[in-house]
Amino acid sequence: MYKEILRSIDNIEIYPIISLIIFLLFFVGMFIWVVRTPKDHIKHMESLPFDDQEATINQP
């Protein structure tokens, strides 16, 4: 039943191609962002969870 409905839609073959392109663009963009992120920012973000724990431990 579903196959017949999908076959009746005009130009349905473009949707998998569009979704693949969006998927690839997202992950390529994320890879570029990760590679170009300054190392100082990464070190700062690494230490944030530990800074929060120290602040709650030191409170009276």
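Residues numbered from 1 in each chain as written. Predicted model: local features only at pLDDT ≥ 70, side-chain atom pairs only at ≥ 80, totals over all residues. Heavy atoms only, no water.

(A) Up close: the pattern of salt bridges. Counted by the stated rule, this structure contains one salt bridge. The salt bridge partner of Glu 46 is Lys 43, with a shortest N-O separation of 4.0 Å. Taken together, the residues Glu 46 and Lys 43, both in helix H3 (residues 39–57) and three residues apart, mark about one turn of the helix. A relative accessible area of 46% places Glu 46 in the partly exposed class. (Salt bridge = Lys/Arg side-chain N within 4 Å of Asp/Glu carboxyl O. Helix = DSSP H or I, 4+ residues; strand = E, 2+ residues; numbered from the N terminus. Buried < 20%, exposed > 50% of the residue type's maximum accessible area, 1.4 Å probe, protein only.)

(B) Layout of a nonpolar patch on the surface. On the surface, Leu 20, Phe 23, Leu 24, Phe 26, Phe 27, Met 30, Trp 33 and Val 34 cluster together to form a nonpolar patch covering roughly 840 Å² of accessible area. Tracing the backbone through its elements, the reader meets Val 34 in helix H2 (residues 14–36). Judged by its relative accessible area of 45%, Val 34 falls in the partly exposed class. (Patch = residues over 30% accessible without salt bridge, like charges linked within 9 Å, V, L, I, M, F, W, Y side chains within 5 Å. Areas by Shrake-Rupley, 256 points an atom, 1.4 Å probe, with all protein chains shown as cover.)

(C) Looking closely at the packing of aromatic side chains. For the structure on display, the rule yields two aromatic pairs. Ring geometry for Phe 26 and Phe 27: centres 5.1 Å apart, planes at 85 degrees, overall edge-to-face. Aromatic ring contacts, followed pair by pair, group Phe 23, Phe 26 and Phe 27 into a single cluster. (Phe/Tyr/Trp six-rings, centres within 6.5 Å; stacked < 30°, edge-to-face > 60°.)

(D) Just unusual backbone geometry, in detail. The backbone phi angle of Asn 11 is positive, close to 55 degrees, even though this residue is not glycine. Among the secondary structure elements, Asn 11 is positioned in the loop between helix H1 (2–8) and H2. Look at Asn 11 and you get exposed, because its relative accessible area is 55%.

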